[in-house]
Amino acid sequence: MLKIEVKPGESIERALKRYKRKYRNTKRLDEIRDRQEYTKKSVERRKTLKKAQYKEKYLNERENE
């Protein structure tokens, strides 16, 4: 469970924004979406490979700049 302590003088809106950011960073919502439907192992593997290729290409472009 995520806990956010409201700092003295901090508005509730700001604390709620911090909570939402912290929740988004836990990747919990992504996990829930992934579990809504079954994906085959081969499709998952292809997805991870494609993501890795994209990441590698992106990093190589950044190095060459």
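Procedures and definitions
- Residues numbered from 1 in each chain as written.
- Predicted model: local features only at pLDDT ≥ 70, side-chain atom pairs only at ≥ 80, totals over all residues.
- Heavy atoms only, no water.
- Salt bridge = Lys/Arg side-chain N within 4 Å of Asp/Glu carboxyl O.
- Buried < 20%, exposed > 50% of the residue type's maximum accessible area, 1.4 Å probe, protein only.
- Helix = DSSP H or I, 4+ residues; strand = E, 2+ residues; numbered from the N terminus.
- Phe/Tyr/Trp six-rings, centres within 6.5 Å; stacked < 30°, edge-to-face > 60°.

A. Seen up close, the pattern of salt bridges. For the structure shown, the criterion picks out three salt bridges. A salt bridge links glutamate 10 to arginine 18, with the shortest nitrogen-to-oxygen separation between them at 3.1 Å. The pair formed by glutamate 10 and arginine 18 is uniform in burial state, with each residue classed as buried. The partner of glutamate 31 in a salt bridge is arginine 28, and the shortest N-O contact between them spans 3.4 Å. With a gap of three residues between them, glutamate 31 and arginine 28 both fall in helix H2 (residues 28–35), about one helical turn apart. Of the residues examined, arginine 28 reaches a relative accessible area of 43% and is grouped as partly exposed. Put simply, Arg28, Glu31 and Arg35 are held in one network by salt bridges that share partners.

B. Spotlight on the packing of aromatic side chains. Counted under the stated rule, the structure contains one aromatic pair. Between tyrosine 19 and tyrosine 23, the ring centres sit 6.5 Å apart and the planes meet at 20°, which makes this aromatic pair stacked. Here the residue tyrosine 19 and the residue tyrosine 23 both occupy positions in helix H1 (residues 12–25), the gap between them amounting to four residues, near one helical turn. Given the relative accessible area of 34%, tyrosine 19 is considered partly exposed. Residue tyrosine 23 is classed as partly exposed on the basis of its relative accessible area of 29%.

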